[in-house]
Amino acid sequence: MNYARFLTAVSGARKPSPIRLLTELQQRSPPSLISLAGGAPNPNTFPFQSASIQVKNGQTVTFDETAMKRALQYSASNGIPELLTWMKDLQKALHNPPTIGYSHERGQMDMCVTTGSQEGLCKVFEMLVNPGDNVLLDAPTYSGTLAALQPLGCNIINVPSDHHGMNPGALKEVLSRWDPSEVHKPGSTAPRILYTIPNGGNPTGASMTAERKKDVYELARLYDMLIIEDDPYYFLQFEKPWAPTFLSMDVDGRIIRTDSFSKILSSGLRIGFVTGPKPLIDRIVLHIQASTMHTSTFTQLMVSQLLHSWGQEGFLQHIDGVIGFYRKQRDAMISSADKWLTDVAEWHAPSAGMFLWMKLKGIADTQQLIMEKALEKEVLLVPGNAFMINGGDPCPYVRAAFSLSTPEQIDEAFRRLSLLIKEAL
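In this report, we go over the structure that sits alongside the text. (Residues numbered from 1 in each chain as written. Predicted model: local features only at pLDDT ≥ 70, side-chain atom pairs only at ≥ 80, totals over all residues. Heavy atoms only, no water.)

A few points about the overall build of the protein
Phase 1 of the analysis: Along its length, the protein carries 12 helices and 15 strands.
Phase 2 of the analysis: The C-alpha radius of gyration computed for the protein amounts to 23 Å, which stays within 12% of the reference 22 Å derived for 425 residues, consistent with globular compactness.
Phase 3 of the analysis: If you line up the protein on its principal axes, its C-alpha atoms span 75 × 60 × 40 Å.
Phase 4 of the analysis: The 425 residues of the protein split such that 50% are buried.
Phase 5 of the analysis: The contacts in the protein between residues at least 6 apart in sequence include a share of 73% that link residues at least 24 apart.
Phase 6 of the analysis: Per element, the accessible surface of the protein, about 19000 Å² overall, is 54% carbon and sulfur.
Phase 7 of the analysis: Computed over 39 positive and 42 negative side-chain charges, the separation of the two mean positions in the protein equals 3 Å. (Helix = DSSP H or I, 4+ residues; strand = E, 2+ residues; numbered from the N terminus. Rg over C-alpha atoms; globule rule 2.2 N^0.38 Å. Buried < 20%, exposed > 50% of the residue type's maximum accessible area, 1.4 Å probe, protein only. Contact = heavy atoms within 4.5 Å. Areas by Shrake-Rupley, 256 points an atom, 1.4 Å probe, with all protein chains shown as cover. Lys, Arg positive; Asp, Glu negative; His and termini not counted. Charge placed at Lys NZ, Arg CZ, Asp CG, Glu CD.)

What follows is the structure, encoded as structure tokens:
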């Protein structure tokens, strides 16, 4: 893979920070090294001394004075070593990426820690997307993705999808306007990146089948595209076995995958990961060096301690508990929808994630209905146009989240929504 052809001029111009390199070199050096190089503040001047955090299973995450000094100090831009090692082992166990044993140049799998997967996504887009580029995605899609992409001045091309995610036949049709043999020619407008949320898509709850992923990957090979596999709901798949990922199929090194701990450990700790070919991960790390510098050392150490104490088995047991909770919530929402909304809306039960995507019958546009009249009925959902490429177009859909409300609250909310829709018809 010629990764240089995918980079923007800005990303290609990024150079390593000499100070950051010295910091990381010092952290790998023996204690006998006397360094006058770093500009790090002296941790003895910090007011925090130690910390002890109780975990629900009775364990304790502890920071003694020495650990606290490290937790409050600068750290490597790609992430602290012990967290990265743990996560790389997990990726190998879950996905067994073909690229693990590749050379760096050929796209060996690498990873970096980001401040939530949203930071990772933004940096991936800024690395790959030029003004005027054609970018493929399946809308409706995550509003944060649109917020990151649209200011870059690209042309977002929608690939039709259904409750099984992106449709490979539709993708083939969209791509048919370009000749695969000409995508490397100067001036070619053929898309170079494709973005999708493969599991429990936000907002649709759609999940791609293994067959569809294989077909999409083959089209990406034919047109030499990178696939951005944004998978924050991977660990919220309700049925096992979980569908194989794009990363598990990646024989070329053309998958950039984002993972998040927001839905399973904490949304406020802001820890995400980008996995992909080393030449591209290196570019993302250069951007981190020049922006956030690194994700909070404290939160990385806190999560790392927890994961090492659990091991992979303990981590996956925790995941099973989280899945059990959201499955019950999903079932409660579907039950209430069946009870109150069958005559005024239609939907597909999601197999992952935390959202139900509903089309309201007889309502051409839900924007005014939700933003004005729903508040009067004391029920709130997200109007569907928030997830569309052109948010100004009328949209008959709404997104309902089943993550926070109790089954009783969900039932009452859908009763109110039913009345609201009937009054609007």
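After that view, the rundown keeps rolling.
A word on helix 5 (residues 116-128)
Phase 1 of the analysis: A rise of 1.5 Å per residue sets the reference length of helix 5, with its 13 residues, at 18 Å; its end C-alpha atoms lie 19 Å apart and thus fit the reference within 8%.
Phase 2 of the analysis: Helix 5 sits mainly inside the fold: 10 of its 13 residues count as buried.
Phase 3 of the analysis: Residues of helix 5 that are buried: Gly-116, Ser-117, Glu-119, Gly-120, Leu-121, Lys-123, Val-124, Phe-125, Met-127 and Leu-128. (Expected span 1.5 Å × (residues − 1).)

Topic: the environment of Leu-236
Phase 1 of the analysis: By the secondary structure assignment, Leu-236 is in the loop between strand 9 (226-230) and strand 10 (255-260).
Phase 2 of the analysis: Owing to a relative accessible area of 0%, Leu-236 belongs among the buried residues under this scheme.
Phase 3 of the analysis: Not counting the four nearest positions on each side in its chain, Leu-236 is found in contact with Lys-263, Ile-264, Val-322, Ile-323, Tyr-326, Ser-351, Ala-352, Gly-353 and Met-354.

Considerations on the nonpolar core
Phase 1 of the analysis: Counting 93 residues, the largest nonpolar core has Phe-125, Leu-128, Phe-315, Leu-341 and Met-358 as its most contacted members.
Phase 2 of the analysis: No other element matches helix 10 (residues 297-340), which puts 14 residues into this core.
Phase 3 of the analysis: Aside from chain neighbours lying at most four places away, what touches Leu-128 is Phe-6, Thr-8, Asp-133, Arg-192, Ile-193, Leu-226, Ile-228 and Ile-256. (Core = buried A, V, L, I, M, F, W, Y, C linked by side-chain atoms within 4.5 Å.)

Some details on the side chain of Ser-336
Phase 1 of the analysis: Secondary-structure assignment places Ser-336 in helix 10.
Phase 2 of the analysis: When its relative accessible area of 5% is taken as the criterion, Ser-336 is described as buried.
Phase 3 of the analysis: Ignoring any residue separated from it by four or fewer positions in sequence, one finds Ser-336 in contact with Leu-341, Pro-407, Ile-410, Asp-411 and Phe-414.

So, the pairing of strand 2 (residues 60-63)
Successive side chains on a regular strand alternate, one facing one side of the sheet and the next facing the other.
Phase 1 of the analysis: The two faces of strand 2 differ: Val-61 and Phe-63 on one face are buried, but Thr-60 and Thr-62 on the other face are not.
Phase 2 of the analysis: As consecutive antiparallel partners, strand 1 (residues 51-54) and strand 2 are separated by five residues, and within that stretch Gly-58 has a phi angle of approximately 100°, a positive value. (Pairing = 2+ DSSP bridges.)

Topic: the packing of aromatic side chains
In this description, an aromatic ring pair is defined by two values, namely the gap between the centres and the angle between the planes.
Phase 1 of the analysis: Across all of its chains, the model carries 13 aromatic pairs by this definition.
Phase 2 of the analysis: For the ring pair Phe-235 and Trp-242, a centre distance of 6.0 Å and an interplane angle of 75° mean the geometry is edge-to-face. Each member of the pair, Phe-235 as well as Trp-242, is classed as buried.
Phase 3 of the analysis: Considering the side-chain rings of Trp-357 and Tyr-397, the 4.9 Å spacing of their centres and the 5° angle between planes classify their relative orientation as stacked. With a gap of 40 residues between them, Trp-357 in strand 13 (residues 355-360) and Tyr-397 in strand 15 (residues 397-401) connect regions that are remote in the sequence.
Phase 4 of the analysis: With a relative accessible area of 10%, Trp-357 lands in the buried category.
Phase 5 of the analysis: What links up through ring pairs into an aromatic cluster is the set Trp-86, Tyr-234, Phe-235, Trp-242, Phe-261, Phe-273 and Phe-315. (Phe/Tyr/Trp six-rings, centres within 6.5 Å; stacked < 30°, edge-to-face > 60°.)

Things to note about the pattern of salt bridges
Phase 1 of the analysis: Under the definition given, this model contains 23 salt bridges.
Phase 2 of the analysis: For Arg-70, the salt bridge goes to Glu-82, with nearest N and O atoms at 2.7 Å. Taken as a pair, Arg-70 in helix 3 (residues 65-71) and Glu-82 in helix 4 (residues 81-95) lie far apart in primary sequence, 12 residues in all.
Phase 3 of the analysis: Among the residues examined, Glu-82 registers a relative accessible area of 26% and is labelled partly exposed.
Phase 4 of the analysis: Between Lys-339 and Asp-411 there is a salt bridge whose closest N-O contact spans 3.2 Å. You can see Lys-339 sitting in helix 10 and its partner Asp-411 sitting in helix 12 (residues 407-424), a full 72 residues away along the chain.
Phase 5 of the analysis: Judged by relative accessible area, Lys-339 falls into the exposed class, the value being 52%.
Phase 6 of the analysis: In this structure Asp-411 comes out as buried when scored by relative accessible area, which is 19%.
Phase 7 of the analysis: Connected via shared salt-bridge partners are Arg-5, Glu-218, Arg-221, Asp-224, Asp-252 and Arg-254. (Salt bridge = Lys/Arg side-chain N within 4 Å of Asp/Glu carboxyl O.)

Remarks on the sheet that holds strand 15
Phase 1 of the analysis: Read across the sheet, four strands follow the order 12-13-15-14 without closing on themselves; strand pairing throughout is antiparallel. Looking at which strands have only one partner, the edges of the open sheet turn out to be strand 12 (345-347) and strand 14 (382-383).
Phase 2 of the analysis: The pairing of strand 14 with strand 15 spans two bridges and is antiparallel. The residue of strand 15 that forms the bridge with Pro-383 is Val-398.

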